[in-house]
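# Observations on the three-dimensional arrangement
Given next are the chains, with one letter for each unit.
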Amino acid sequence: MKLLRILILFITVQVSAQQGGMWIPSLLEGMNEDEMQSLGSKLSAKDIYDVNKSSLKDAIVHFNGGCTGEIISDKGLLLTNHHCGFSQIQSHSSLENDYLKDGFWAMNLDEELPNEGLFVEFIVRIEDVTSQVLAGITETMTEKEKQSQIDKNSNTLQTEVKKETWQDTKVKSFYKGNQYFLFVTERYEDIRLVGAPPSSIGKFGSDTDNWVFPRHTGDFSMFRIYADKNNRPAKYSKDNVPYKPKHFLPISLDGVDEGDFTMVFGFPGRTDEYLPAVAIEHITTEYNPSNIAIREAALKVIDAGMKASDDVRIKYASKQARIANAWKKWIGENLGIKKSDAVAERRAFEASFTKALKEKGLESKYGHILPEFDKLYKDFASVNIKRRNFIEVFLVTNELMQMTFRAYQVEQGLKQNPDNLEKNKTYITNLLKGVHKDYDVNVDKGVFEAVMPLYKKNNIDPTIYDKTAFTNLDSALKLFDGSADDIIKNLNNDAAYAYAKPMIEEFFNTINSEYQEKNEPITALQTEYMTALMKALPNARYFPDANSTLRVTYGQVRGYSPRDAVYYQPVSYLDGVIEKYVPGDYEFDVPQKLRDLYDAKDYGQYADSNGKVPVCFLGTNHTTGGNSGSPAIDAHGNLVGLNFDRVWEGTMSDMNYDPEICRNIMVDLRYVLFIVDKYAGAKHLIDEMKLVHPKK
Ligand code: ARG
Ligand code: ASP
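Cut-off values and rules
- Residues numbered from 1 in each chain as written.
- Chains lettered and ligands numbered in written order.
- Predicted model: local features only at pLDDT ≥ 70, side-chain atom pairs only at ≥ 80, totals over all residues.
- Heavy atoms only, no water.
- Helix = DSSP H or I, 4+ residues; strand = E, 2+ residues; numbered from the N terminus.
- Contact = heavy atoms within 4.5 Å.
- Axes fitted to C-alpha atoms, helices over the stretch in contact; angles between N-to-C directions.
- Parallel < 35°, antiparallel > 145°, perpendicular 65-115°, else oblique.
- Nonpolar A, V, L, I, M, F, W, Y, C, P; charged D, E, K, R; others polar.
- Salt bridge = Lys/Arg side-chain N within 4 Å of Asp/Glu carboxyl O.
- Buried < 20%, exposed > 50% of the residue type's maximum accessible area, 1.4 Å probe, protein only.
- Near = heavy atom within 4 Å.
- Polar contact = N/O pair within 3.5 Å; in protein donor to acceptor, adjacent residues only side chain to side chain.
- Areas by Shrake-Rupley, 256 points an atom, 1.4 Å probe, with all protein chains shown as cover.
- Pairing = 2+ DSSP bridges.
- Left-handed = near helix turned anticlockwise from the far one by under 90°.

### A look at the side chain of Arg-595
Note on placement: Arg-595 falls in helix 23 (residues 592-599). The residues touching Arg-595, leaving out its near neighbours within four places in the chain, are Ile-578, Tyr-581 and Val-590.

As C-alpha cells, then:
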C-alpha cells in the first residue's frame, strides 16, 4: 500500500514535471528544485543561481536584447545562434569576403571582428521589490493613477538601489503586475565575431525546415566578450582584453539519450499563458488569419522576385526571413490550438475556476471577470485586427508605405518643434539609406498591389509609384532639404505621401487611440484575473509570462507524435543532412568539405556511441522567441545543446503549453564542435574549452 502511494506520488510528480513553465532563477528552491531532481537533475537551486558565489547564471547573457548567449571558456568565448549573429555576420560580408556564404573563422584574437552597437548583458542579482513598487497603490485609484505611482516607485528604486557605478538596474512586472523584481545588470559593449559556419550549415534547410522537425541545422556562431584591464565593461578599444567570466560552461562530449534531464537557461521574450478562452479564440480564428493573409500576399511577390533575380535574392534575404518566420509560426500556432482543442480546454478550465470561486466565497469579488472578458473582447476584436493589419502593411511588408509613415513622424516632429530640424534630418536620412540599401522598386510595387487591398479595399492607387520621390534614394533625400517649412511643403506635394497621409492620420487619431482605450481595461482585468486565479486555485502551477528576463525552463529529451501513426525520434544525425542534400539548392546545398568528412567518417571525438554525428535533438523545455542561443544544460551543469527553435505543432506554447506536442529544438554541442574542429580547422577554439565526460 505504501509502495503504491509512493508510486502514485511519483507518477504525478513525473507528469506535472512535464507541464512546462519559465521560472525565476532566484526562486527555484523548493518546488522547482524538487521537480528538476525528480527529472534527473543533480543540480541544487544554488548551483543555478547564487549571489554570493559563482553559479550557472554567471555564464548566461542577454545577447543584443533579443537572443541569449553563454560563455564557454575562461577567455570570454561566447556561443549563440547563427540567426542571432546573422546581421553582424552579414555586416562584415562583401562579395570578396562572403562570410554569410563561406563562413568566417578568426584564427587568433587579432582576427576577431568588432561589432558596433552589439552588446550583451549579465544578471548580477534579482530582488523581489513588490511591496516597494506597490506602495501607495489603492483600490480607488484609476488605472492611470496606479500606473504612474508604480512608475514613480520603480524609478526611485532604480536610482536608490545599491550597485557599482558600471552596473545598471531595471524593475520588471511579473504575474500581470502582481509581483515586481529588480534586476542589477552589467552590459558589455565590445563584442567581437569569432566564428560562423557557412549558411549552408548555420541556416541549412532555411524556410522549408524552419519551425519543423526532423531538423538538421547547425544554427550557431561564436563571439568573444572584451573588457577593460579591470575586467569591467568598456567601449570598443584595441587595448581591451578578453573578459574573464565568473563562470563558464564545460561542454559534455557524452551527449543526451531519450529521457535525459535538460534545462534551458535564457531570456524568453513574451508569452501569454493566462489568456481567457475568448482571447485564444479571437487570436486564432480572426487575428492570426488576417495577418497571415497579408504576409502570404507579400511573400508571394518577394519569393517570385528572389527566384527571378540574384540581386533581389541578396537584397531581400533577411527581410524575407523575418516576414516568413512569424508567418509560418502563426500557421503552426493555429494548427496546434485546433489540434489540441485548446479553446474548449480553456473553457473547461474556466468552469473549474468559476466553481472554485463559488466554493471559496469569492464569487461576488471575482465572478464578474470572465463575462467581462467576453464583453471586452467582443468590443476589442475589430480594432485589434485593424491596428495590426495597419502595422503589417505600413511597417512590416510594404517599404514605400514605411517611408511615408516615417516621413509623417518627421512632419509631426517638425511641427511640434522646428528646432529639431537637424535631428529629424539625420533620422530620416539614416532610415531612407537603410531602406534603399536593399530596395527593389518593382518588388515593392508588387507587394503594395498585393497587400493594400487587404487593408483598404477601395483605395489602391499603384500610380503613386510612378509619381513619388520616395522610390529613389537621391530624390527621396531631396524631399528633406531646406527648412522645416520646405520639408513639410515637399512632403505634402509628393504623390505617395499625399496618398498615405490620411491613412496614417486615421491610424494615430482613430485606430490606435481606440485600441489603447479598449486594451486598457483588458490589461487591468488580466491583472485581476491573475490575482483571482491564484486565490481560487492556489495549488495550480503558476509561472510568470515571459518578459525578456532571465528564466529557467526544464524537461527531458523526448520525441513526439505530430499526427496519427507518425512518431519523431528525438535525435537527428549527419546522415539526415546528406539525405536532404540537393546540389546547388539555396536551402539544401551541403558544402563539399562536410560531404568529404561524412564519406570518410572522419568524426574525431564527436560521434555518438552508435558511430554517428548527432545534429539536433528535441526536449520538453518550455521556450519562446528570445530563448534562441540559450544553453541546454545537462543534469550536472554541462552544456549539451544550443536552443534555436520549436516544432511547428507546438508553437502554440506561447498561449497553451501542451506537454504532448510542445518541443524545443536544440543543436547538439558535438555537432558544433565537429564543425569548429573538423570542418573549420579552428582547433585553437576547442583547446580553449573544457570538454568533459559526465557519463563515463
Ligand atoms: N524559427 C526560429 C526563430 O523564431 C529560427 C528563425 C531563423 N531561421 C529562419 N529560417 N528564419 O527565431
Ligand atoms: N527561434 C526563436 C528565437 O529566435 C526561438 C523560438 O521561438 O522557439 O528566439
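### Some details on the packing of helix 20 (residues 484-493) against helix 21 (residues 495-536)
Each packed pair of helices is defined by two parameters, the angle between the axes and the distance between the axes. The contact between helix 20 and helix 21 brings their axes to 5 Å, and the two run at 85°. Considered as vectors, helix 20 and helix 21 are oriented roughly perpendicular to each other. Of the residues in helix 21, those in contact with Leu-491, Asn-492 and Asn-493 of helix 20 are Ala-495, Tyr-497, Ala-498 and Lys-501. When the residues that make up the contact of helix 20 with helix 21 are grouped by side-chain class, the tally is four nonpolar, two polar and one charged.

### Some remarks on the pattern of salt bridges
Throughout the structure, instances matching the rule amount to 44 salt bridges. Salt-bridge contacts for Lys-319 lead to Glu-399; the nearest nitrogen and oxygen are separated by 2.4 Å. Here Glu-399 lies in helix 15 (residues 399-416) and Lys-319 lies in helix 11 (residues 310-339), a separation of 80 residues in the sequence. Residue classification places Glu-399 among the buried positions, given a relative accessible area of 7%. Where Lys-445 meets Asp-466, a salt bridge forms, and the shortest distance between an N and an O atom there is 4.0 Å. A residue pair is termed long-range when its members are at least 10 positions apart, and Lys-445 in helix 17 (residues 441-455) and Asp-466 in helix 18 (residues 464-467) qualify at 21 residues. Taking the relative accessible area as the measure of exposure, Lys-445 reaches 24% and is therefore partly exposed.

### Considerations on the site of ligand 1
The immediate surroundings of ligand 1 are formed by His-83, Lys-203, Ser-206, Asp-207, Asn-210, Trp-211, Ala-321, Asn-325, Phe-644 and Asp-645. Separating a nitrogen atom of ligand 1 from a side-chain N or O atom of Asn-210 is a distance of 2.7 Å. A distance of 3.0 Å is found between a nitrogen atom of ligand 1 and a side-chain nitrogen or oxygen belonging to Asn-325. Considering ligand 1 on its own, with 340 Å² of exposed area, one finds that the protein chains cover 85% of that surface. Among the elements of the structure, helix 9 (206-209), helix 11 and strand 18 (639-646) are those that each provide at least two residues to the shell around ligand 1. Of the residues assigned to the shell around ligand 1, the class counts are three nonpolar, four polar and three charged.

### Considering the pairing of strand 7 (residues 167-174)
In this structure, strand 7 lies alongside strand 8 (residues 179-188), joined through eight bridges in antiparallel fashion. What sits directly across from Val-171, in strand 8, is Leu-182. Count of turn residues in the strand 7/strand 8 antiparallel hairpin: four residues, of which Tyr-175 carries a positive phi of about 45°.

### Quick word on the packing of helix 10 (residues 277-308) against helix 11
At a closest axis distance of 8 Å, the pairing of helix 10 and helix 11 adopts a crossing angle of 155°. Of the possible angle classes, the one that applies to helix 10 and helix 11 is roughly antiparallel. Here helix 10 runs over helix 11; the crossing is left-handed. A breakdown of the residues in the contact of helix 10 with helix 11 according to their chemical character gives 18 nonpolar, six polar and seven charged.

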